[in-house]
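Each chain, letter by letter, is given below.
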Amino acid sequence: MTSGVIVTILGTAQDGGIPQAGCSCNRCKDAHNDLKMRKFPVSLGIQGNDGSKHIIEVTKNLSEQLMFWTPEHNDIFIPETVSVTHLHLGHIEGMGQFGKPVMGLKDLDVYLTQSNKDIIDNRSDTKLMIEEGNIITHSVEFGKSFEPKEGCGFSLEFIPIPHRSELGDTAGILIKGKKRKILFLPDQDSWNETLNYYSKKNIREFLKMLEIDEAFVDGTFWSMDELPGRDIKKIPHPTIEETIERLGAKRNEDPNISFLHLNHSNPVNDIDSAQRKIIENNGWKISKRGDEFEI
Ligand SMILES: [Zn+2]
Ligand SMILES: [Zn+2]
Ligand SMILES: [Zn+2]
């Protein structure tokens, strides 16, 4: 039996996307020359079993992503609700598109943590959109699940995640349908801090506690070699290399884990890279735009 709730990956890159502004690395140059090589910042689309449309994260590529989301990539879906994990630029950069100069939406529901709502409510650009009736912000309590729209057939739950909090705070989002449960965790500072916060010894225990079937996790960097001369302690992301080391190979009872939020410097972006093979040989995955999950 189908649940009728479909989660679609609309973007897999870190905040800057690929090509990243100001970058002349080969990966970015290739993406300038061949539009198919472009990668959009991380975002998810969720279609409810009532046909309603919901997105998580609003990126600078919102326009392309809303079209890519449709079955034949030839129509445009308009979201009815938006949820945002945190306020770093790449996760909210498209927010202005909902306002008068572009889409001019009416009463779009935007779900945020309380401290992020306080910031968005008082930022001059988003404040204007609230006053003009384009968006309505709602604060979400950590650990409390809610339906973004009544009768949509799935629920969301924000969970606190340690991540640079110079702009509000950061959530991971649990997406629960009748059949399956997804963890969306695009940004975190380190596994140590996240696992300590939840008093869990390892990633498996953490995912088991949350009853996760599919986890989309922070894969910003493959290793610190990508950023020579930078102090590892100042890079607030666990590397994929470390995550794989912690997990080892996938076991039968494990949830599926895929990596997203890939930085342009990450060799995993290259389809035939040795690093990508290491992930796959261990039974894990790299998220791809267009991946669909029925939950
Ligand atoms: Zn990010
Ligand atoms: Zn680059
Ligand atoms: Zn971030």
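Here the residue index of a chain counts from 1 through its sequence in written order. The order in which chains are written sets their letters, starting at A; the order in which ligands are written sets their numbers, starting at 1. Per-residue local features of the predicted model are confined to residues with pLDDT of at least 70, and side-chain atom pairs are confined, for both listing and counting, to 80 or more; whole-chain, interface and lining totals are unaffected and use all residues.

Engineer: So what exactly am I meant to see when it comes to the sheet that holds strand S10 (residues 214–218) here?
Structural biologist: Think of a sheet as strands paired side by side through backbone hydrogen bonds, with each pair either parallel or antiparallel. Strands qualify as paired when DSSP identifies two bridges or more between them. Helix and strand assignments follow DSSP, with helices taken as H or I runs no shorter than four residues and strands as E runs no shorter than two, numbered in order from the N terminus. Ordered in space as S7-S8-S9-S10-S11-S12, the six strands form an open sheet in which the pairing is mixed. The open sheet terminates on both sides in strands that have one partner only, identified here as strand S7 (155–160) and strand S12 (285–286). Relative to strand S11 (residues 256–260), S10 runs parallel, the two sharing five bridges. By the bridge assignment for S11, alanine 215 is matched with isoleucine 257.

Engineer: Help me understand the environment of arginine 27, please; the structure alone is not making it clear to me.
Structural biologist: Among the secondary structure elements, arginine 27 is positioned in helix H1 (residues 26–33). It is 7.9 Å that separates the C-alpha atoms of arginine 27 and serine 265, two residues lying 238 residues apart in sequence. Here arginine 27 is in contact with Ile18, His264 and Asn269, once residues within four sequence places are set aside. Placing C-beta atoms from the backbone, we regard two residues as in contact once those atoms come within 7 Å.

Engineer: Hey, could you run me through the sheet that holds strand S2 (residues 43–47) in this one?
Structural biologist: Sheet architecture is open: seven strands sit in the order S6-S5-S4-S3-S2-S1-S13, paired in mixed fashion. Strands with a single pairing partner mark the edges of an open sheet, and in this sheet they are strand S6 (135–140) and strand S13 (292–294). The sheet shows a mean angle of 20 degrees between the axes of neighbouring strands, taken without regard to direction. By the bridge criterion, six bridges tie strand S5 (residues 108–113) to S6 in an arrangement that is parallel. Across the sheet, the residue bridging to tyrosine 111 is histidine 138, located in S6. Lying over the sheet, helix H4 (residues 114–122) contacts S5 and S6, oriented at roughly 125 degrees with respect to S5. Between N-to-C directions, angles span 0 to 180 degrees; the directions come from axes that are lines fitted to C-alpha atoms, helices contributing only their stretch in contact.

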